[in-house]
Amino acid sequence: MTHTDAGAELDPVHPVPIPARRAHGLSTAEVAERVARGEVNDVPVRSSRSLGEIVRANVFTRFNAIIGVLWLIMLFVAPVQDSLFGYVIIANTGIGVFQEWRAKKTLDSLAVIGESKPTVRRDGAAVEVSTSEIVLGDLIEIGPGDKVVVDGECVEADGLEIDESLLTGEADPVVKRPGDAVMSGSFVVAGGGAFEATKVGREAYAAQLAEEASRFTLVHSELRTGISTILKYVTWMMIPTAIGLVISQLVVKQHGFKDSIARTVGGIVPMVPEGLVLLTSVAFAIGVIRLGRKQCLVQELPAIEGLARVDTVCLDKTGTLTEGGMDVTELRPLGGADETYVRKVLGALGESDPRPNASLQAIITAYPDSEEWRCVESLPFSSARKYSGASFSEGNGESSTWLLGAPDVLLGADDPALAETGRLNEQGLRVLLLARVSGELDDPGVARGASATALVVLEQRLRPDAAETLAYFAEQDVQAKVISGDNAVSVGAVAGKLGLSGQVVDARQLPSDQGEMAKSLDEGTVFGRVTPQQKRDMVGALQSRGHTVAMTGDGVNDVLALKDADIGVSMGSGSEATRAVAQIVLLNNSFATLPSVVAEGRRVIGNITRVATLFLVKTVYSVLLAVLVVCWRVEYPFLPRHLTLLSTLTIGIPAFFLALAPNKERAKPHFVRRVMRYSIPGGVIAGAATFVTYLIARHHYTGKGSLEAETSAATLTLFLISMWVLAIIARPYTWWRITLVASMGAAFVVVLVVPWLQHFFALKLVGVTMPWVAVGISGVAGVVLELVWRLVDRRVPA
């Protein structure tokens, strides 16, 4: 920077005097004064639900209200064992609250680790502060990849280009000069500078939008939407069925009031699949906690579900397959250029960029700056241009202008240097061209007529875990597409070293039509020379073919594609802009964490789909039994204690273990259809078989105690069929699944043989004939269930 006097400074590109106070930022006293006035950027970086909100969301639900009212009624009209269902709901809700609170603590602690730290200038020194510590009037420094966190006015600009597409929809970056407005929510794509904060907190443009976008949420997922749809249908079925049951038990049969109420409640309670919602919350929360231990920040819980459904992963090469660092392995002067002079040029170019990318950082390390050379003007690297540049005064009166970038962009197709570049690229090496130009840097056509001076050969460091991760995706039937701004041949060579084979495509040859592009994407595996806008178009093209797309990246050129992808995955060391739009941030920068995220999502979705069938089979048979009781004008066969016992042994306990079990199957769409196609026939078979047993028992038993004997026979049938459903859901069998099913069966046998448990649950099998009839009916129903479910698999699409 060129100094004039003590009172003002000049911007290097636009020499307009900048007041010293603005150039040096606020003083400590001024910051304290603004904090006292409340002029602080108080919008939280992340908004997670408070403990109170978590409790309210888990406790005050529609079905908890229904169960709660019925529980209070039972406490007054029936023995305590008929009120057990209420205690079960309290326990389940408590578990749900505790697990989600643990997930909140995990998310909040990870968010602090991953929080960006803007650089502000105070008392003339650059310091990092948290976003919430920025005050009105702060001078904030920005560079490539930085997100603009508050509204402001540009004070300094050095080739500053800001992308405002996330706010305005305008794809082209906007060049900013001193005096121009900058908006929160935009991000820097090239150059650097500083701006003064003019609006902070909730007054800043897009602040509310940003706060809402980063909110911890349990909504907007197919799984939760599907469960809500199912619960809505259940409510509609419950109301008329419950009314009919109340009338039949209280009016038609004219039983004692308390006994009629108990049997009515016994018919209503099992219709409610209350544990399904709680179990889903618990499964999601435990997923967040497990991933948190692996330093993976899940910005939104449904992202776990989304990544489980992914069938295509688009990988950015730099920072994903390769580590961020590079090494200069060779310098090849062209056209008789003097190597010593070339080294001076490269050293000066490195010094000209205050925020060098990985390639330039390698050059800085290899070639120290020459003190005689002074940068007159600079052009920061842009992923759209594929080159950077600078003009120098060389100290001997000479001046020169240089570009450093992609050889195939800066040179003509017939230039002999490209042949050598191609050979190096085939070895997986990255090659940059140093070229001298005669035009002005701000001229869009400055590269025309560039004189090739030297090739800079860089070697990228492969991530040690990349090959293993790519192999995992191949095993899981997830397509991997490498999308990079680098030379296609070079990227293809890197992918080949990692075991990823397939067609290599230069993105400049891709058709612009979405349908044709989608076809090319299906055929190709590695794509080079991709522009940021093309990355976005490629994601859209893949989605148009029905693919669920995940995009990984760490650079500012990945932001638009990350935002449009079904799931955006950012590296923790990536730019602030990429972390802001990604749903998942890998804080340890390890690409190898992705399989864990995919596996966690598949575990959650696959297992919830499994256990949802258990819950909804119970809902269907409960509704059917209530309808049959009303139509046959008989006593409802069960007390609440019977169904609490059955639900606990055949649904509650097994579902908890099954929901947390490993599951590698890729999540499939149409959750409601997939669950209901098993639940409806399963529930109908269970309900019909149980009612048949009940009617036979009514003819078999007479006299005192007959109702209890009839109930016991019906309970035996319902338990055996429910166990058969559980045995099907638990497949494929492992030792612990077999142990789980066997333990539930053994627990029921204990209830039947221990006298005080018989009395407590009002269960006692009378005689020999009727229990064996119940077993026979259960066996027939089980065979029918197996046949029907297999038929459903073949005939009813998922």
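None of the values given here were measured: they were computed from a predicted structure. (Residues numbered from 1 in each chain as written. Predicted model: local features only at pLDDT ≥ 70, side-chain atom pairs only at ≥ 80, totals over all residues. Heavy atoms only, no water.)

On a plain count of helices and strands, the chain comes out with 28 helices and 24 strands. Taken over 798 residues, the chain has a buried fraction of 57%. Within the chain, contacts between residues separated by at least 24 positions form 72% of all contacts whose residues are at least 6 apart in sequence. For the chain, the accessible surface area stands at approximately 32,600 Å², while carbon and sulfur atoms represent 58% of it. In the chain, 73 side chains carry a positive charge and 84 a negative one; their mean positions are 15 Å apart. (Helix = DSSP H or I, 4+ residues; strand = E, 2+ residues; numbered from the N terminus. Buried < 20%, exposed > 50% of the residue type's maximum accessible area, 1.4 Å probe, protein only. Contact = heavy atoms within 4.5 Å. Areas by Shrake-Rupley, 256 points an atom, 1.4 Å probe, with all protein chains shown as cover. Lys, Arg positive; Asp, Glu negative; His and termini not counted. Charge placed at Lys NZ, Arg CZ, Asp CG, Glu CD.)

As a further point, take the sheet that holds strand 11 (residues 296–298). Strand order in the open sheet formed by 8 strands is 11-24-23-22-12-19-21-20, with mixed pairing between adjacent strands. This sheet does not close on itself; its edge strands, each paired only once, are strand 11 and strand 20 (503–506). Pairwise comparison of adjacent strand axes, ignoring direction, gives a mean angle of 20° for this sheet. Summarising the sheet, strand 19 (residues 479–483) and strand 21 (residues 524–528) pair through 2 bridges and their orientation is parallel. By the bridge assignment for strand 21, V482 is matched with V526. Contacts from helix 18 (residues 514–523) reach strand 19, strand 20 and strand 21, with the element oriented near 110° to strand 21. (Pairing = 2+ DSSP bridges. Axes fitted to C-alpha atoms, helices over the stretch in contact; angles between N-to-C directions.)

What follows deals with the environment of E394. Looking at the element boundaries, E394 is found in the loop between strand 15 (387–393) and strand 16 (399–405). Judged by relative accessible area, which is 9%, E394 ranks as buried. Along the backbone, E394 and V376 are 18 residues apart, and their C-alpha atoms lie at a distance of 10.0 Å. Filtering out sequence-adjacent residues up to four positions away, E394 remains in contact with Y341, E372, W373, S399, S400 and R436. Engagement of the side chain of E394 in a polar contact is seen with the side chain of Y341, the distance being 2.8 Å. A polar side-chain atom of E394 sits 2.7 Å from a polar atom in the side chain of S400. (Polar contact = N/O pair within 3.5 Å; in protein donor to acceptor, adjacent residues only side chain to side chain.)

Evaluated as defined, the whole model comprises 24 salt bridges. Put simply, R508 and D506 hold a salt bridge, and the shortest N to O gap is 2.9 Å. Its relative accessible area of 41% is what places R508 among the partly exposed residues. With a shortest N-O distance of 4.0 Å, R698 and E710 are connected by a salt bridge. Of this pair, R698 sits in helix 24 (residues 671–700) while E710 sits in helix 25 (residues 706–729), placing them 12 residues apart in sequence. Take R698: its relative accessible area is 27%, and that puts it in the partly exposed class. Here the salt bridges do not stand alone but share partners, grouping E330, R332, E420 and R423 into one network. (Salt bridge = Lys/Arg side-chain N within 4 Å of Asp/Glu carboxyl O.)

Take V298: it is sitting in strand 11. You can call V298 buried: its relative accessible area is 1%. Along the primary structure V298 and I584 are separated by 286 residues, whereas in three dimensions their C-alpha atoms are 4.7 Å apart.

Taken together, the side chains of I239, I243, V246, I247, L250, V251 and F257 make up a nonpolar region of the molecular surface, amounting to roughly 620 Å² of accessible area. It is helix 8 (residues 222–252) that contributes the most residues to the nonpolar patch, 6 residues altogether. Tracing the backbone shows I243 in helix 8. Residue classification places I243 among the partly exposed residues on the basis of a relative accessible area of 49%. (Patch = residues over 30% accessible without salt bridge, like charges linked within 9 Å, V, L, I, M, F, W, Y side chains within 5 Å.)

Neither face of strand 4 (residues 119–122) is open: one carries T119 and R121, the other V120 and R122, and all of them are buried. In this sheet, strand 6 (residues 139–142) lies alongside strand 4 in antiparallel orientation, the contact comprising 3 bridges. Counterpart to R121 in the pairing with strand 6 is L139. In this structure, strand 4 lies alongside strand 5 (residues 125–128), joined through 4 bridges in antiparallel fashion. Among the inter-strand pairings, T119 is bridged to a residue of strand 5, identified as E128. Hairpin connection, strand 4 to strand 5: the antiparallel pair is bridged by 2 residues, and D123 has positive phi, about 55°.

Following both chains from N to C, one finds helix 24 and helix 28 (residues 769–795) inclined at 160°, their axes separated by 10 Å at the closest point. As far as their axial angle goes, helix 28 and helix 24 are roughly antiparallel. Both helix 24 and helix 28 take part in a crossing whose hand is right-handed. Contact residues: helix 24 offers R677, Y678, P681, G682, I685, A689, V692, T693, I696, A697 and H700, while helix 28 offers T769, M770, V773, A774, I777, A781, V784, L785, V788, W789, V792 and D793. By residue class, the composition of the contact of helix 24 with helix 28 is 17 nonpolar, 4 polar and 2 charged. (Parallel < 35°, antiparallel > 145°, perpendicular 65-115°, else oblique. Left-handed = near helix turned anticlockwise from the far one by under 90°. Nonpolar A, V, L, I, M, F, W, Y, C, P; charged D, E, K, R; others polar.)

With 90% of its residues at a pLDDT of 70 or more, the chain shows a mean pLDDT of 83. When pLDDT is averaged over each element of the chain, helix 26 (residues 735–753) comes out on top at 95 and strand 1 (residues 3–5) at the bottom at 36. Counted against residues more than four places away or in other chains, residues 1–18, with its pLDDT under 50, gives 35 contacts. Below pLDDT 50 for its whole length, residues 210–219 participates in 27 contacts with residues either more than four positions away or in separate chains. (pLDDT = per-residue confidence, 0-100.)

All right, on to empty space enclosed by the protein then. Scanning the model with the defined rule gives 3 cavities of 30 Å³ or more in all. Estimates place the volume of the largest cavity at around 110 Å³. Lining the largest cavity are 15 residues, and of these S352, D353, S378, L379 and P380 lie nearest its centre. If you list the elements that add at least two residues to the lining of the largest cavity, you get strand 10 (187–199), helix 12 (339–352), strand 14 (374–382) and strand 15. Counting residues per element, the lining of the largest cavity draws most heavily on strand 14, which supplies 3 residues. Here the lining of the largest cavity is composed, by residue class, of 6 nonpolar, 6 polar and 3 charged. Within this model, the second largest cavity holds a volume of roughly 50 Å³. For the lining of the second largest cavity, the secondary-structure elements that each account for two or more residues are helix 22 (594–632), helix 23 (640–659) and helix 25. At 4 residues, helix 22 tops the list of elements feeding residues into the lining of the second largest cavity. (1 Å grid on protein atoms, 1.4 Å probe; cavity = no way out; pocket = protein on both sides within 12 Å on 5 of 7 lines; lining within 4 Å. Points joined across faces, edges and corners; volume = space filled by probe spheres on them.)

Before going further, it helps to spend a moment on the side chain of H642. Looking at the element boundaries, H642 is found in helix 23. Residue H642 is classed as buried on the basis of its relative accessible area, which comes to 1%. A polar contact is formed between the side chain of H642 and the backbone oxygen of A762, at a distance of 3.2 Å.

Given a rise of 1.5 Å per residue, 27 residues ought to cover 39 Å, and the 39 Å separating the end C-alpha atoms of helix 28 matches this to within 8%. Among the residues of helix 28, those classed as buried are M770, P771, A774, I777, S778, A781, G782, L785, E786, W789 and V792. Taken together, the buried residues of helix 28 touch helix 22, helix 24 and helix 25. (Expected span 1.5 Å × (residues − 1).)

For the structure on display, the rule yields 14 aromatic pairs. Taken together through their ring pairs, the aromatic side chains of Y341, W373, F392 and W402 make up a single cluster. (Phe/Tyr/Trp six-rings, centres within 6.5 Å; stacked < 30°, edge-to-face > 60°.)

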